[in-house]
Amino acid sequence: MCSPLQAVVFFCIYAIILCSCIAVIWSHFGEVRASDELFIRIMDAASPLYRRAVSLLPPYLQVVHLTSTGGNGHEQNFDMGGIVAIVAAGVISSYLVLNFISKAMGMRGKAASMDQLRQIGNVPNVCKHYVHRGKAEDDIQEWLTDQPADDSHPRVAIVGMAGIGKTALGTSVINSIKALAHFWSGIFWLQSGAPGPDAVLAIIREIHRRMTEMFVDGPFVADREQAGLGVDDLVTRINNKLRRRSCLLVLDGVLDPKMLESVLKLRCALLVTSQVKGIFDNHVQFKRVEVLPLDFVSSRKLFLNLVPAAVQLKGVEELLQSCGGHPLALSIMGTLFQDAMRAEGAASAAAIDDLMAELRDPYCRLQMRIKSDVVLHSADVERHSNVSRCFDFALDALSWNERKVYMSLEALPIGFQSTIGELGTVWNLQDDQALQMAEKLERHFLIQREVCSEGSKTVPTLWVLHSLQHDYLKMLRVSAPQNVPQQ
Ligand SMILES: Nc1ncnc2c1ncn2[C@@H]1O[C@H](COP(=O)(O)OP(=O)(O)O)[C@@H](O)[C@H]1O
Ligand SMILES: [Mg+2]
């Protein structure tokens, strides 16, 4: 299989031969105007090359060549039909050569351009209102494209709470020119889906199917059949396809640790996003980026990317603060404003006032449905339709008992920073049990550990909730009071 560099060299040689053929044929038959100086120079340069090439042909081919070009042919004029023939020959031969090169690179010839490569790989587009994440993006890009010293393959994880922008961040990184060029054999984007007995087999089958569609396995291998093959067999076959190719596999929204065990056997770069920090605990090979809420400047930028006209509205800054830098909440709010501002004059002013009043109420804020699905990643349209729904999915990971314990945090004041002892008091648990519980919640990004240090002084770890999570717990108490243990 040839590398992209070899393919480029091969294509250049073909282009030179094609150009010199056209130039020489033209010089033999065409009416060359004296004003076409550049053209004459090209012909002058190409003619000896061409003659030399012809002289190297076996004698019978030279005869064929002389017959087809009409001997010296200098007196003939080149008519429209001749031009069409040259163009047609150029187009057909270019098509054949490109097809040949893509086969030599092991592709089925479908992915002639970067865009087609992205389409086949199902790589999502970066959303229009995207705000760049600076260092996090640079780190991920570097980790993915740097070859690890031990000949292993890069493994990168993006983790963070639901709706914080993991998918958006991953999408932005892999759509960069550097990543697209580095993974010249293809980037395969897959949605991981809910855990289940057949989830791992289903995803491995999908990877195998997509790679079979994209790659040629070689003249004597026909590796299309999947029926009856288990995960390990499919992994072996996928690895055969990956040999001497540079691919990136992106698994978005992984919840099941078993899924990781299987994909880690694949010999390609891997980018995984997950809202369960804990699933990477036993996989030290993953370099991790934790996605944090946006700062106020970026929150404002995101919002104004969606509704530039909102810059003059009074009270918007306060609403932005209330989202705590949560991109999904900010995006939903932006689309609601877009809708309210679409009306004219007084109607628009009234709609904006109503909207602002609703958004000031934390429960409404969490439950307001997005007005335009286009700003969401297509696979998450249902789960991200409003913020509370997005948090419901995170809560699903807890057992009934753990859920009750978590919901009792609602009793703490907004913006609380609690030591483990204080959490133990709320939960009625010993310190070590409270720590276990806090760590379990942290693994699902349902509570955060405040990183603080005062010089060399040991400061006790403090535990905090994101402001929207706090609102969410309050909302749960109102909507399902029987779920919350009474104080
Ligand atoms: N950096 C960002 N700039 C602009 N919008 C963002 C950004 N990150 C996320 N979003 C918006 O928030 C929504 C949720 O983000 P997403 O990446 O899907 O969350 P996650 O994968 O963490 O659950 C996206 O559909 C997008 O509209
Ligand atoms: Mg996601």
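Because the structure is a prediction, the values reported are computed rather than measured.

A. Region of the structure containing the overall build of the chain. In terms of helices and strands, the chain carries 21 helices and seven strands. Burial analysis of the chain (487 residues in total) assigns 31% to the buried set. Of the contacts made within the chain by residues no fewer than 6 positions apart, 68% connect residues no fewer than 24 positions apart.

B. Expanded view of the nonpolar core. Ranked by internal contacts, the top residues of the largest apolar core, which has 97 residues, are Leu248, Leu249, Val250 and Met333. Examining the composition of this core, we find that eight residues originate from one element, helix α14 (residues 327-342), more than from any other. With sequence-adjacent residues up to four places away left out, Leu248 is seen in contact with Leu144, Ile174, Phe183, Ile187, Cys268, Ala269 and Leu271.

C. Here's a closer look at the site of ligand 1. Near ligand 1 there are 23 residues, and of these Gly165, Lys166, Thr167, Ala168 and Pro327 occur at the shortest range. Only α7 (166-174) and α14 provide two or more residues apiece to the shell around ligand 1. Residues that form the shell around ligand 1 fall into these classes: eleven nonpolar, nine polar and three charged. Each of two domains, domain 2 (115-290) and domain 3 (296-380), supplies a minimum of three residues to the shell around ligand 1.

D. Spotlight on the packing of α14 against helix α15 (residues 345-360). Remark: α14 packs on α15, axes separated minimally by 8 Å, with the N-to-C direction vectors making an angle of 155°. Accordingly, the angle class assigned to the pair α14 and α15 is roughly antiparallel. Residues Met333, Leu336, Phe337, Ala340 and Met341 of α14 lie in contact with α15, whose contacting residues are Ser348, Ala351, Ile352, Leu355 and Leu359. In terms of residue class, the contact of α14 with α15 is built from nine nonpolar, one polar and no charged.

E. Inspection of the sheet that holds strand β3 (residues 247-252) at higher detail. Pairing is parallel in the open sheet, where five strands are placed in the order β2-β3-β4-β1-β5. In the strand order of this sheet, the two ends are held by β2 (186-191) and β5 (287-290), each with one partner. For this sheet the average axis-to-axis angle between neighbouring strands, irrespective of direction, equals 15°. Pairing geometry for strand β1 (residues 155-159) and strand β4 (residues 269-274), over five bridges, is parallel.

F. Fine view of the pairing of β4. In terms of burial, β4 is largely enclosed, as six of its six residues are buried. Of the two faces of β4, the one lined by Ala269, Leu271 and Thr273 and the one lined by Leu270, Val272 and Ser274 are each fully buried. Note on the crossover from β3 through helix α11 (residues 257-263) to β4: the handedness is right-handed.

G. Unusual backbone geometry, seen in detail. Located in the positive-phi region is Asn122, a residue other than glycine, with phi close to 65°. Secondary-structure assignment places Asn122 in the loop between α5 (114-120) and α6 (135-145).

H. Quick look at the environment of Met214. Locating Met214 in the fold gives a position in helix α9 (residues 199-214). Looking at Met214, the number of C-beta atoms within 10 Å reads 21, which means it is buried. For the pair formed by Met214 and Gly121, sequence separation is 93 residues and the distance between their alpha carbons is 9.0 Å.

Calculation notes
- Residues numbered from 1 in each chain as written.
- Chains lettered and ligands numbered in written order.
- Predicted model: local features only at pLDDT ≥ 70, side-chain atom pairs only at ≥ 80, totals over all residues.
- Helix = DSSP H or I, 4+ residues; strand = E, 2+ residues; numbered from the N terminus.
- Buried ≥ 20, exposed ≤ 12 C-beta atoms within 10 Å, placed from the backbone.
- Contact = placed C-beta atoms within 7 Å.
- Core = buried A, V, L, I, M, F, W, Y, C linked by C-beta atoms within 7 Å.
- Near = placed C-beta within 6 Å.
- Nonpolar A, V, L, I, M, F, W, Y, C, P; charged D, E, K, R; others polar.
- Domains from an automatic or database assignment.
- Axes fitted to C-alpha atoms, helices over the stretch in contact; angles between N-to-C directions.
- Parallel < 35°, antiparallel > 145°, perpendicular 65-115°, else oblique.
- Pairing = 2+ DSSP bridges.
- Right-handed = clockwise from strand over helix to strand, strands pointing away.

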